[in-house]
Amino acid sequence: MVKNMKSRILIIEDEEDIRELVRYNLEREGFCVAEAESGEEGLKKISKKIPDLILLDLMLPGKDGMQICRELKQDEDTRGIPIVMMTARGEESDIVAGLELGAEDYIVKPFSPKVLMARVKTVLRRRASPEPADEAVLTIGDLMIHPGRHQVTVKGKPVDLTATEFGVLHLLARRPGWVFTRYQIVDAVHGEDYPVTERSVDVQIVGLRKKLKSAGKMVETVRGIGYRFGEMY
Ligand code: CA
């Protein structure tokens, strides 16, 4: 159950047309909407009242979206507010940087109202239901992950994964639909001192998919950004 009525969403976007379109669609779904034309105005509004979610344009006059994201994620009071970045096509490197700063998700312009609403609701739903505990057994479609035993089965048959492959799969599967950059994957699985190469993550993913066979398609590539566990299963 998504409590639309109570959720307050702040749009930080300098283009009036987009602000109005987004506001119209959010209000129609019962959300409470606030707007800011610039990052500075957005920060001011946030300091007065903490929203439940921020839709943040990356290309803003003055402080840009990346700066705003960084400031919000560095401040203890605002760190927990989910941020969905609104980006233009071709801004993959900004999306990667934003995700690594802690933004929850992104949406590429021009987007349909339907996609926007789905994204907003997914992020709010994630907030409402905490991710499973480290040791919780995950069952997703034919796939079962048993962290305590470091064991994975597909359709009941054990799959022999390396420790790293297991770590990558567990990381992604605990947060279905969540996009992880390569850096985030390497960082989570090996700790920060492991040499970060995009190639090493790609190789792990290829191996993982092959071993998971029919369940391998759940590990999705997000072009130019990273990987995620498909939500459809
Ligand atoms: Ca803009």
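The rules behind each value
Residues numbered from 1 in each chain as written. Predicted model: local features only at pLDDT ≥ 70, side-chain atom pairs only at ≥ 80, totals over all residues. Heavy atoms only, no water. Core = buried A, V, L, I, M, F, W, Y, C linked by side-chain atoms within 4.5 Å. Buried < 20%, exposed > 50% of the residue type's maximum accessible area, 1.4 Å probe, protein only. Helix = DSSP H or I, 4+ residues; strand = E, 2+ residues; numbered from the N terminus. Contact = heavy atoms within 4.5 Å. Donors = N, O, S within 2.8 Å, 3.2 Å for Na, K, Ca; no water. Domains from an automatic or database assignment. Buried area = accessible area lost by both parts, 1.4 Å probe. Salt bridge = Lys/Arg side-chain N within 4 Å of Asp/Glu carboxyl O. Polar contact = N/O pair within 3.5 Å; in protein donor to acceptor, adjacent residues only side chain to side chain. Nonpolar A, V, L, I, M, F, W, Y, C, P; charged D, E, K, R; others polar.

A. Structural detail: the nonpolar core. The biggest cluster of nonpolar side chains holds 27 residues, and the ones touching the most others in it are L143, V152, L169, L172, L212 and F229. Of the residues forming this core, the biggest block, 6 residues, is contributed by helix 6 (residues 163–174). When neighbours within four sequence positions are excluded, F229 is seen to be in contact with I140, L143, L169, L172, A173, P176, G177, W178, M218 and V219. Residues L10, I68, V96 and V179 belong to the second largest nonpolar core, which totals 25 residues.

B. Quick peek at the coordination of the calcium ion. Those protein atoms acting as donors to the calcium ion are D14 (OD), D57 (OD) and M59 (O), and they sit at 2.2 to 2.4 Å. Spacing between the donor residues of the calcium ion along their common chain follows D-x42-D-x1-M. Taken as a pair, D14 in the loop between strand 1 (8–12) and helix 1 (16–28) and M59 in the loop between strand 3 (53–57) and helix 3 (65–74) lie far apart in primary sequence, 45 residues in all. Of the residues examined, D14 reaches a relative accessible area of 31% and is grouped as partly exposed.

C. Fine view of the domain arrangement of the protein. In terms of domains, the protein is made up of domain 1 (4–128) and domain 2 (138–229). Computed from C-alpha atoms alone, the centre-to-centre distance between domain 1 and domain 2 is 28 Å. Counting residues at the interface gives 8 residues for domain 1, matched by 11 residues for domain 2. Summed over both partners, the interface of domain 1 with domain 2 buries about 830 Å², with 63% contributed by carbon and sulfur atoms. Along the contact surface separating domain 1 from domain 2 lie 0 salt bridges. Across the contact surface, domain 1 and domain 2 share 3 residue pairs in polar contact (both at pLDDT 80 or more). When residues in the side of domain 1 that touches domain 2 are grouped by element, the largest group, 5 residues, is from helix 4 (residues 92–101). Of the residues assigned to the side of domain 1 that touches domain 2, the class counts are 4 nonpolar, no polar and 4 charged.

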